[in-house]
Amino acid sequence: MDMLSQISNQIAILNSGEKWTVSVQDLLISRADFHCISAFLVRESEKGIFSIEQDAPKNPWFQKTELTITKH
């Protein structure tokens, strides 16, 4: 199963209002791959099933790259 399918399945099993924070470290992928996945998720969030919160890291070299998904 590919990474996008795993993430989509995880979002699908969230209850309404539940949040899930996913990070580069959790997924064990590169920052470039995480950026691509993040861009895909932002586009998918436009459908209204979930929303994305993404904090800008203070120092991108040392901070976790993560986003929080909230199911609607």
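Residues numbered from 1 in each chain as written. Predicted model: local features only at pLDDT ≥ 70, side-chain atom pairs only at ≥ 80, totals over all residues. Heavy atoms only, no water.

1. What to know about the sheet that holds strand β1 (residues 19-23)
Here is step 1: Pairing within the open sheet is antiparallel, and its three strands lie in the order β1-β3-β2. Because the sheet does not close on itself, it has two edges, and the strands there are β1 and β2 (50-53). Strand-to-strand twist in this sheet, taken as the mean axis angle between neighbours without regard to direction, amounts to 25°.
Here is step 2: Helix α3 (residues 31-45) rests against β1, β2 and β3 (66-71) of the sheet, and its axis sits at about 135° to β2. (Pairing = 2+ DSSP bridges. Helix = DSSP H or I, 4+ residues; strand = E, 2+ residues; numbered from the N terminus. Axes fitted to C-alpha atoms, helices over the stretch in contact; angles between N-to-C directions. Contact = heavy atoms within 4.5 Å.)

2. Concerning the pattern of salt bridges
Here is step 1: Counted according to the given criterion, the structure contains three salt bridges.
Here is step 2: For the salt bridge of R43 with E46, the shortest nitrogen-to-oxygen distance reads 4.0 Å.
Here is step 3: On the basis of relative accessible area, E46 is assigned to the exposed category, the value being 60%.
Here is step 4: Its salt-bridge partner being E44, residue K47 comes within 3.0 Å of it at the nearest N-O pair. (Salt bridge = Lys/Arg side-chain N within 4 Å of Asp/Glu carboxyl O. Buried < 20%, exposed > 50% of the residue type's maximum accessible area, 1.4 Å probe, protein only.)

Function cannot be read off these values alone, since they describe shape.
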